[in-house]
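Each chain, written out:
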Amino acid sequence: MNAPTPRPPSLFDQIGGEEPLRRLVNAFYDISETHPDGAALHRLHLTGFGIEHLRQAQFEFLCGFLGGPRYYLERMGHANLRQMHAHLAIGEEEATSWLRCMVHAIERVDLPRDVGARLMQHFMRATEALKNRPSPGG
């Protein structure tokens, strides 16, 4: 009888678990508050529940999104990205701002290049799905 093929480690495991993920989330929000690439994202955050709330919520969500503990789901009863962001007007500018801040954050916490690239693939798909406002002129 053949043994089952082991599953590859999740992205959560590949980045090293909770501590590196928390560093990534904190770097992301520090950048979104101070870097010019974060201006559109920062404006969007000011219309929500506040940055400190977002740091914890994003950490909890990303744990589960990346294959680790499902803290957000356990606390909120769902982990539906579109539902979480339905109250926000998200267009190309906001999505691009989010992605640029995450690229900077990945670089700042010095994740391995291949892991950072895989993370960005997931994040690009997610931000595309969150757009709920047409691009200017489009």
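Our subject is the structure that appears above.
(A) Local environment of the overall build of the protein chain. From N to C terminus, the protein chain includes eight helices and zero strands. For the protein chain, the α and β elements follow one another from N to C terminus as α-α-α-α-α-α-α-α. The globule rule puts the C-alpha radius of gyration for 138 residues at 14 Å, and the 16 Å found for the protein chain is close to it. In terms of overall dimensions, the protein chain has a C-alpha envelope of 60 × 30 × 30 Å along the principal axes. Within the protein chain, the proportion of its 138 residues that are buried is 41%. Taking contacts inside the protein chain between residues at least 6 apart in sequence as the whole, the part at least 24 apart equals 72%. Carbon and sulfur atoms make up 54% of the accessible area of the protein chain, which amounts to about 8200 Å² in all.

(B) Looking closely at helix α8 (residues 113-130). Between its first and last C-alpha atoms α8 spans 25 Å; for 18 residues at 1.5 Å apiece the expected length is 26 Å, and the two agree. Those residues of α8 that fall on the buried side of the exposure criterion are Val 115, Gly 116, Leu 119, Met 120, Phe 123, Ala 126, Thr 127 and Leu 130. Projected down its long axis, α8 shows its buried positions confined to an angular sector of 130°, all on one face. Looking at the buried positions of α8, the neighbouring elements they touch are α1 (11-15), α2 (18-34), α4 (51-65), α6 (81-85) and α7 (92-108).

(C) Spotlight on the packing of helix α3 (residues 39-46) against α7. Orientation of α3 relative to α7, taken along the N-to-C sense of each, is 110°, at an axis distance of 7 Å. Relative to α7, the element α3 lies roughly perpendicular. For the pair formed by α3 and α7, the contact residues are Ala 39, Ala 40, Leu 41, Arg 43 and Leu 44 on the first element and Glu 93, Glu 94, Ser 97, Trp 98 and Cys 101 on the second. When its residues are assigned to classes, the contact of α3 with α7 shows six nonpolar, one polar and three charged.

Scoring rules and cut-offs
- Residues numbered from 1 in each chain as written.
- Predicted model: local features only at pLDDT ≥ 70, side-chain atom pairs only at ≥ 80, totals over all residues.
- Heavy atoms only, no water.
- Helix = DSSP H or I, 4+ residues; strand = E, 2+ residues; numbered from the N terminus.
- Rg over C-alpha atoms; globule rule 2.2 N^0.38 Å.
- Buried < 20%, exposed > 50% of the residue type's maximum accessible area, 1.4 Å probe, protein only.
- Contact = heavy atoms within 4.5 Å.
- Areas by Shrake-Rupley, 256 points an atom, 1.4 Å probe, with all protein chains shown as cover.
- Expected span 1.5 Å × (residues − 1).
- Arc of directions from axis to C-beta.
- Axes fitted to C-alpha atoms, helices over the stretch in contact; angles between N-to-C directions.
- Parallel < 35°, antiparallel > 145°, perpendicular 65-115°, else oblique.
- Nonpolar A, V, L, I, M, F, W, Y, C, P; charged D, E, K, R; others polar.

Honestly, that's just the spatial picture; any functional story needs more than this.
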